[in-house]
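# Examining the three-dimensional arrangement
Residue-level listing of the chains:
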Amino acid sequence: MRTERSLTRLDRVFARLAREPERPVQLGMPRMSRHRYALVAACLAAYAAIVWAVITTSWLVRLDWRVMFFRPYQQWPEIHAWLDYYVVLGQRGPTAVMVAAWLGWRSWRQHTLRPLITLAISLLLLNVTVGAAKIGMGRLGPHYATTIGSNEMWLGGDIFPSGHTANAVVTWGILAYLASSPRARRWLSALSAVMSLGVGLTTVYLGTHWLSDVLLGWVAGLLILLALPLFEPLGARAERWILGLRDAVWTRLARRFGKDRAPSAPVAGPSGLAAPLRRTAPLGADAGHARRGPFLLSSGPHGARPERGPSTTPGGGRRPASAHTDATGRPKPSSARPVA
């Protein structure tokens, strides 16, 4: 009586991975609808308004100084150590590695490079737009302020807008952007909102950013997420180019190693017997021996080769011992009886 082995948890995991790829068929790629264009325009207006409010040293700059003098890290020192670790969730290196690992698994399961290419495009946009704004406006942080009440602009700083905040919006928001179902998109949108809000307020608590830096960081990250559908055709072309390059490399390797591969053992023919093997004449052999026909294996069953050298023909060639000779090469005695 044979009993089947019960599947363990590890067996079920590998069986799950061996299934057909899960493609997000129920939710297509986001498109630039009228609603999305309206949100992009609103974000651009908010971006320009925050920058203008800081440049003109308006009420927003005065609010920045009030929060700085309040010193939240001195008001609630018991959470300072915990928030020092929490703010890492807004740093580009650790968050990009975590999100790329998850999206890489998604790419492998769905047999598409779209998740990884979309993440790469979003991070490139983040570096270009936020980095250019930081260098162009050159605002100093609260710990390096020189004049009380000033906007600290164009003094060689690099904190406006907040890179931690914008990075948290983009890296965690990309998970919601690439969600494969409406329910997953809602949950991941809520998670990315909580993460980005927490990271932005943590930088204000630690005193590394003004409040206006965080506001502009939220708007900058949201603007990148809203504009991602405009770059979907670029991502599709990049995916086709990468896959075409991969196919070309594999084809070249197959041709190269296929030609350099040594000939294998004789392949059995349709009748189950080994195919004929051709022998070439050794160097120095006479022309008559070189014109001999190919050496064919007999049609009977073939056993192991005996531990003896083949007999040598007068012409210098080698051939196997005849069936009428013994192991030493001498003629076997005839078993036929003489005729009376």
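All of these numbers come straight from a predicted model, not from anything done at the bench. (Residues numbered from 1 in each chain as written. Predicted model: local features only at pLDDT ≥ 70, side-chain atom pairs only at ≥ 80, totals over all residues. Heavy atoms only, no water.)

## Section: the nonpolar core
- Ranked by size, the top nonpolar core spans 34 residues in total, and within it Val 99, Leu 103, Leu 126, Ile 174 and Leu 228 carry the most contacts.
- Where this core is concerned, the elements lending two or more residues are helix H5 (80-86), helix H6 (92-110), helix H7 (114-137), helix H8 (163-177), helix H9 (182-206) and helix H10 (211-227).
- With eight residues, H8 is the largest single contributor of residues to this core.
- Not counting the four nearest positions on each side in its chain, Leu 228 is found in contact with Thr 118, Ile 121, Ser 122, Leu 125, Ile 174 and Tyr 177.
- Counting 21 residues, the second-largest nonpolar core is a separate cluster that includes Val 40, Met 137, Val 219 and Leu 226. (Core = buried A, V, L, I, M, F, W, Y, C linked by side-chain atoms within 4.5 Å. Buried < 20%, exposed > 50% of the residue type's maximum accessible area, 1.4 Å probe, protein only. Helix = DSSP H or I, 4+ residues; strand = E, 2+ residues; numbered from the N terminus. Contact = heavy atoms within 4.5 Å.)

## Details of the pattern of salt bridges
- This structure, assessed with the given rule, holds four salt bridges.
- Bridged by salt links that share partners, the residues Asp 64, Arg 139 and Asp 213 form one connected network. (Salt bridge = Lys/Arg side-chain N within 4 Å of Asp/Glu carboxyl O.)

## A word on the packing of helix H2 (residues 34-55) against H10
- At a minimum axis separation of 9 Å, H2 and H10 run at an interaxial angle of 155°. Relative to H10, H2 is oriented roughly antiparallel. The chirality of how H2 crosses H10 is left-handed. Side by side, H2 and H10 meet where Arg 36, Leu 39, Val 40, Cys 43, Leu 44, Ala 46, Tyr 47, Ile 50, Val 51 and Val 54 of the first sit next to Ser 212, Leu 215, Leu 216, Val 219, Ala 220, Leu 222, Leu 223, Leu 225 and Leu 226 of the second.
- Class assignment for the residues of the contact of H2 with H10 results in 17 nonpolar, one polar and one charged. (Axes fitted to C-alpha atoms, helices over the stretch in contact; angles between N-to-C directions. Parallel < 35°, antiparallel > 145°, perpendicular 65-115°, else oblique. Left-handed = near helix turned anticlockwise from the far one by under 90°. Nonpolar A, V, L, I, M, F, W, Y, C, P; charged D, E, K, R; others polar.)

## Let's talk about the confidence of the model for the chain
- Across the chain, pLDDT averages 77, with 68% of residues at or above 70.
- When mean pLDDT is compared element by element in the chain, H10 scores highest at 95, while helix H12 (residues 287-290) scores lowest at 42.
- Scored below 50 in pLDDT, residues 23-27 makes 11 contacts in the model with residues more than four places away or belonging to other chains.
- Note that pLDDT drops below 50 for residues 261-320; the model gives that stretch 34 contacts with residues more than four away or on any other chain. (pLDDT = per-residue confidence, 0-100.)

## Here's the deal with the packing of H7 against H8
- Interaxial distance between H7 and H8 falls to 10 Å at its minimum, and their mutual angle equals 160°. As far as their axial angle goes, H8 and H7 are roughly antiparallel. Of the two possible hands of crossing, H7 and H8 adopt the one that is right-handed. Where H7 approaches H8, its residues Arg 114, Thr 118, Leu 119, Ser 122, Leu 123, Leu 126, Val 130 and Lys 134 are matched on the opposing element by Gly 163, Ala 166, Asn 167, Val 170, Thr 171, Ile 174 and Tyr 177.
- Among the residues forming the contact of H7 with H8, the class breakdown is eight nonpolar, five polar and two charged.

## Considerations on the packing of aromatic side chains
- This structure, assessed with the given rule, holds five aromatic pairs.
- Ring plane angle 20° and centroid distance 5.3 Å describe the contact between Trp 82 and Tyr 86, whose orientation is recorded as stacked. Linking Trp 82 with Tyr 86, this pair stays in helix H5, spanning four residues, or about one helical turn.
- Aromatic side chains Trp 102 and Trp 105 sit 5.6 Å apart centroid to centroid with 25° between the ring planes, which places their arrangement in the stacked category. (Phe/Tyr/Trp six-rings, centres within 6.5 Å; stacked < 30°, edge-to-face > 60°.)

## A closer look at a nonpolar patch on the surface
- On the surface, Trp 241, Ile 242, Leu 245, Val 249, Trp 250, Leu 253 and Phe 257 cluster together into a nonpolar patch covering about 760 Å² of accessible area.
- Within the secondary structure, Leu 253 is located in helix H11 (residues 232-260).
- Given the relative accessible area of 34%, Leu 253 is considered partly exposed. (Patch = residues over 30% accessible without salt bridge, like charges linked within 9 Å, V, L, I, M, F, W, Y side chains within 5 Å. Areas by Shrake-Rupley, 256 points an atom, 1.4 Å probe, with all protein chains shown as cover.)

## Details of the side chain of Ser 196
- For Ser 196, the location among the structural elements is in helix H9.
- Note on Ser 196: relative accessible area 7%, which makes it buried.
- With sequence-adjacent residues up to four places away left out, Ser 196 is seen in contact with Thr 165, Ala 168, Val 169 and Trp 218.

## Here's the deal with H9
- The first and last C-alpha atoms of H9 sit 36 Å apart over 25 residues, in line with the 36 Å expected at 1.5 Å per residue.
- Of the residues making up H9, those classed as buried are Ser 192, Met 195, Ser 196, Gly 198, Val 199, Gly 200, Thr 202, Thr 203, Val 204, Tyr 205 and Leu 206.
- A positive backbone phi angle near 80° is found at Gly 207, which sits one or two residues after H9. (Expected span 1.5 Å × (residues − 1).)

## Some points on H6
- Relative to the 27 Å expected for 19 residues at 1.5 Å per residue, H6 spans 26 Å between its end C-alpha atoms, a close match to the ideal helical length.
- Every buried residue belonging to H6 is among Thr 95, Ala 96, Val 99, Leu 103, Arg 106, Ser 107, Arg 109 and Gln 110, and all of these are buried. Down the axis of H6, the buried set is contained in an arc of 165°. They therefore lie on one face. Residues of H6 that are exposed and point over 90 degrees away from its buried face: Val 97 and Ala 101.
- Where H6 ends, the next residue or the one after it, His 111, has phi of about 55°, a positive value. (Arc of directions from axis to C-beta.)

## A few points about the environment of Pro 115
- Within the secondary structure, Pro 115 is located in helix H7.
- Ignoring any residue separated from it by four or fewer positions in sequence, one finds Pro 115 in contact with Leu 103, Arg 106, Ser 107, Gln 110 and Leu 178.

## As for unusual backbone geometry
- Omega for the peptide link from Phe 160 to Pro 161 comes to 5°, which places this bond in the cis form.
- Relative to the helices and strands, Pro 161 is located in the loop between H7 and H8.
- One non-glycine residue, Trp 154, lies in the positive phi region at around 55°.
- With respect to the element layout, Trp 154 can be found in the loop between H7 and H8.

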